[in-house]
Amino acid sequence: MVSKYAIWITLALGATLAGMNPTHAATTGSQAAGNDPYLWLEATHGQRAMAWVKGQNAITEKAFADSPEFTRSFDRILQVLNSDARIPYVHRMGDYLYNFWQDKAHPRGIWRRTTLAEYRRTDPHWETLLDIDALNKAEDKRWVFKGAQCLKPAYVRCLVSLSPDGGDAVEVREFDLATKSFVKDGFHLPLAKNFVNWIDRDHIYVGTDFGPGSMARSSYPRIVKEWTRGTPLAAARLVYEASPDDLSVSAWHDRTPGYERDFVSVATDFFHSENFLRKNGKLEKLDIPGDAGFDAHRQWLLVQTRSAWTVGGKTWPSGALLAIKFDDFMAGRRDFTALFTPDAHTALSGYAWTRHHLIIDVLDDVKSRLDVLTPQPDGRWLHQALPGAPSFSTISVADTDPDHSDEYWLSVTGFLTPSSLERGVLGEGPAETIKQEPAFFDASKFVVSQHFVTSKDGTRVPYFEIAPKGMKLDGSHRTLLYGYGGFEISLLPYYSGSIGRAWLSRGGVYVVANIRGGGEYGPRWHQAALKANRPKAYQDFAAVAEDLIRRGVTSAKHLGAEGGSNGGLLVGNMLTEYPQLFGAIACEVPLLDMKRYTHLSAGASWIAEYGNPDDPKQWAFIKTFSPYQNVKKGTDYPPVLFYTTTSDDRVGPAQARKMAAKMEGMGYRKVWFYENTEGGHGAGADNRQSAHMHAMVYNFLWNELK
């Protein structure tokens, strides 16, 4: 589907959009005052800052990456990441299944394809389309593959995105699958936070850095244009120009035969947008709520509500999925049909079209189920259950072929269940398992359980626990509590060979907290922790920690917390507000300085989540959850490891740098910092870098929680 939510989850997770020039940090705005003695660490590539990073890395490497235990964990994690037995997840385009693959022989990866008949084989033959390591050797670069958009229905011409360091900023080049080469004088965009979408072979929609003033405060494009092949980018025709204070603008073309349409979406903030149908060069606004997601597929328009919506004489609740025929809607009709409405225990996790059906993914107390919906001639939608997954697992639609068939691919995974990939065709019997990941650790020694705890305000909060069978509840077990709690992103059961090998197999307990701010119970669960209510997410996480201690699973000195990005802000608040509950904290690619965050990298894009610290009234509540401002001398803080990357052009490395430096300046000795040069807003640019980071974090936590 193409919807506002598809676009903004992309922004949140960094799958396809790309970032601003990371060579320097912003020091503009009202908060660039000189009263912060660590402001110099915001200069991402500054000589003084990088010298500090180098010194910190050496100290941390010696402490946690220079031991037999680290080497063992690193090797075991890298074996998982490089294993040829991993599932090569695929995406269908026409007659071929496409996959991007990284392993020991291809650290930067190969983009490749095969047929369904070959893919069914144990050892399929793959046709290599683009070898990133070979490209790097030829161009003397360190490119990281960031995806490709291919023009249907032929799927011959593609727009390939390449990052120089794993960050969000990408260079876009046109690629020919027939010749397996870049197109000479084809579409090409230099490094920026580029947005592209095919219209036809000779035209694309493009959002990029067109020059001064063309990027929003968020660092994303605020101008979208239509670019014609063979003409200079400067000659591209303006489609829409948003305000500098808007988050971003995008446009896309639906090439479905008989239903060709063009859309423009202007994101006014992370959760609100204005959406338009573009027809004959003119824009017609879609009369849907600004916070709703929408999807136009063939004759249908789907609307996913995020707040209650009264329309057509009915009031639909937050989190509902509604359907109406697209042409009827544009003609003024509003007689929607509800395809899903939530209750106290359920939420819509996602949906996917096949040629004749709609598959919806429902969470029931954070456990998956799939339903198949089929439109009938009389206007009703037939609901049928799709066989579910084992208990405490996640089943989701990995891919479909909505243009041509009712084929669907299912990903099935659980904490102790190695992932599998199933393929089916609706109406032709049950799905069959095509690929099965091996067991990377002995799951028979462990048990998964789900628990619920009452948070400070009386809210019932779930969490998953993976622990050794027969574990004595004596408070002695090293336990790692993981959380996120933001941007309506759900934490679901998943299989991780790395966690199994580096944590569980050493005797540790692993816990995932489904706190407010996430999407486990739909928009209401997310909205309960927005802005001034953000501390509710932290109260939930602390309540889970207290419950683990109360139940005797662990004790404060044996309990660790881990989180990244928004989860880094979460565990940063555990550090400053709940230090008595934890024995160690791993804080990764974090937000921490909430006074300055809107002036650093892409921080301005998250004002709808946290609030605007430049507004004194909003700063009054933001400062209550800003770890950088709240850390103070003379407190018994647990040991903490801050991890970030130089190439992170979304959150940026400055916040982790400054927090570590400030705590060290206050005299705290058990503060460690590590910064990888590559990897962007993630663990690393290749499997070795990822294994190094994970092994170091687990080694730090294991040592400190003893």
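Preceding this paragraph is the structure being described.
Everything in this summary refers to the structure shown in the same document.

Definitions and limits used
Residues numbered from 1 in each chain as written. Predicted model: local features only at pLDDT ≥ 70, side-chain atom pairs only at ≥ 80, totals over all residues. Heavy atoms only, no water. Helix = DSSP H or I, 4+ residues; strand = E, 2+ residues; numbered from the N terminus. Areas by Shrake-Rupley, 256 points an atom, 1.4 Å probe, with all protein chains shown as cover. Lys, Arg positive; Asp, Glu negative; His and termini not counted. Charge placed at Lys NZ, Arg CZ, Asp CG, Glu CD. Buried < 20%, exposed > 50% of the residue type's maximum accessible area, 1.4 Å probe, protein only. Polar contact = N/O pair within 3.5 Å; in protein donor to acceptor, adjacent residues only side chain to side chain. Contact = heavy atoms within 4.5 Å. Core = buried A, V, L, I, M, F, W, Y, C linked by side-chain atoms within 4.5 Å. Pairing = 2+ DSSP bridges. Axes fitted to C-alpha atoms, helices over the stretch in contact; angles between N-to-C directions. 1 Å grid on protein atoms, 1.4 Å probe; cavity = no way out; pocket = protein on both sides within 12 Å on 5 of 7 lines; lining within 4 Å. Points joined across faces, edges and corners; volume = space filled by probe spheres on them. Nonpolar A, V, L, I, M, F, W, Y, C, P; charged D, E, K, R; others polar. Salt bridge = Lys/Arg side-chain N within 4 Å of Asp/Glu carboxyl O. Parallel < 35°, antiparallel > 145°, perpendicular 65-115°, else oblique. Left-handed = near helix turned anticlockwise from the far one by under 90°.

## Quick notes on the overall build of the protein chain
- A tally of helices and strands in the protein chain yields 15 helices and 39 strands.
- Considering only C-alpha atoms, the protein chain reaches an extent of 65 × 55 × 55 Å along its principal axes.
- Surface accessibility of the protein chain: about 27,000 Å² in total, with carbon and sulfur atoms responsible for 51%.
- Of the side chains in the protein chain, 78 bear a positive and 80 a negative charge, and the two mean positions are spaced by 3 Å.

## A short note on the side chain of Glu226
- Structurally, Glu226 can be placed in strand β12 (residues 223-228).
- By relative accessible area, which is 14% here, Glu226 ends up buried.
- Separated by 3.0 Å, the side chains of Glu226 and Arg278 make a polar contact.
- In this view, Glu226 contacts Ile199, His203, Ile204, Tyr205, Ala236, Arg237, Val239 and Arg278; residues no more than four positions away in its chain are not counted.

## Some points on the nonpolar core
- Core analysis: the largest hydrophobic core is formed by 119 residues, its most contacted members being Leu481, Trp503, Phe582, Phe642 and Met663.
- Here this core gets nine residues from one element, more than from any other, and that element is helix α15 (residues 687-704).
- If near-sequence neighbours (up to four positions away) are discounted, Met663 is found in contact with Leu575, Val631, Tyr637, Val640, Phe642, Tyr668 and Val671.
- Ranked by size, the runner-up nonpolar core spans 19 residues in total, among them Ile288, Phe294, Ala296 and Val311.

## Section: the sheet that holds strand β36 (residues 559-564)
- Strands sit in the order β32-β33-β35-β34-β36-β37-β38-β39 across an open sheet of eight strands; the sheet is mixed. Two strands in the sheet have a free side with no partner beyond their single neighbour: β32 (446-454) and β39 (671-676). Taken over all neighbouring pairs, the strand axes of this sheet differ in orientation by 20° on average, direction set aside.
- Bridge analysis of strand β34 (residues 479-482) against strand β35 (residues 509-513) gives four bridges, and the strand direction is parallel. Across the sheet, residue Leu481 finds its bridge partner in β35, namely Val511.

## Here's the deal with the side chain of Arg534
- Relative to the helices and strands, Arg534 is located in the loop between α8 (523-527) and α9 (535-550).
- Polar side-chain contacts of Arg534 include one of 3.2 Å to the backbone oxygen of Ala529.
- Sequence-distant contacts of Arg534, defined by excluding residues within four places in its chain, comprise Gly485, Gly486, Ala529, Asn566, Glu609, Tyr610 and Phe625.

## Some remarks on empty space enclosed by the protein
- Under the counting rule described, the total for this entry stands at three cavities of 30 Å³ or more.
- By volume, the second largest cavity is sized at about 70 Å³.
- Lining the second largest cavity, in full, are Phe415, Phe441, Ile466, Tyr494, Ser496, Ile499, Gly500, Leu504 and Tyr510.
- The residue makeup of the lining of the second largest cavity, split by class, is seven nonpolar, two polar and no charged.

## Describing the pattern of salt bridges
- For the structure shown, the criterion picks out 40 salt bridges.
- When the shortest N-O distance is used, the salt bridge between Glu118 and Arg121 registers 3.5 Å.
- The exposure class of Glu118 is partly exposed, given its relative accessible area of 23%.
- Put simply, Asp335 and Arg333 hold a salt bridge, and the shortest N to O gap is 2.5 Å.
- Owing to a relative accessible area of 42%, Asp335 belongs among the partly exposed residues under this scheme.
- Residues joined by salt bridges that share partners form a network here, namely Asp36, Glu42, Asp593, Arg596 and Lys658.

## Let's talk about the sheet that holds β12
- Reading across from one edge, β10-β11-β12-β13 is the order of the four strands in this open sheet, with antiparallel pairing throughout. Bordering the open sheet on either side are β10 (195-200) and β13 (237-241), each of which pairs with just one other strand. Geometrically, the sheet is characterised by an average inter-axis angle of 20° between neighbouring strands, direction not taken into account.
- Two elements, strand β11 (residues 203-207) and β12, share four bridges in a ladder whose sense is antiparallel. When the bridges of β12 are listed, His203 appears paired with Thr228.

## Comments concerning the packing of helix α2 (residues 47-64) against helix α14 (residues 654-665)
- Two numbers describe how α2 lies on α14: the axes approach to 12 Å, and their chain directions differ by 70°. Accordingly, the angle class assigned to the pair α2 and α14 is roughly perpendicular. As for how α2 packs across α14, the hand of that crossing is left-handed. Contacts between α2 and α14 involve Ala49, Met50, Trp52, Val53 and Gln56 from the first element and Arg657, Ala660, Ala661 and Glu664 from the second.
- Across the contact of α2 with α14, the residue classes tally to six nonpolar, one polar and two charged.

## Here we look at the packing of α2 against α15
- Interaxial distance between α2 and α15 falls to 9 Å at its minimum, and their mutual angle equals 65°. The handedness of the crossing between α2 and α15 is left-handed. Note on element contacts: α15 touches α2 through His692, Met696, Asn699, Phe700, Asn703 and Glu704, opposite Thr60, Glu61 and Phe64.
- Of the residues that constitute the contact of α2 with α15, the class distribution is three nonpolar, four polar and two charged.

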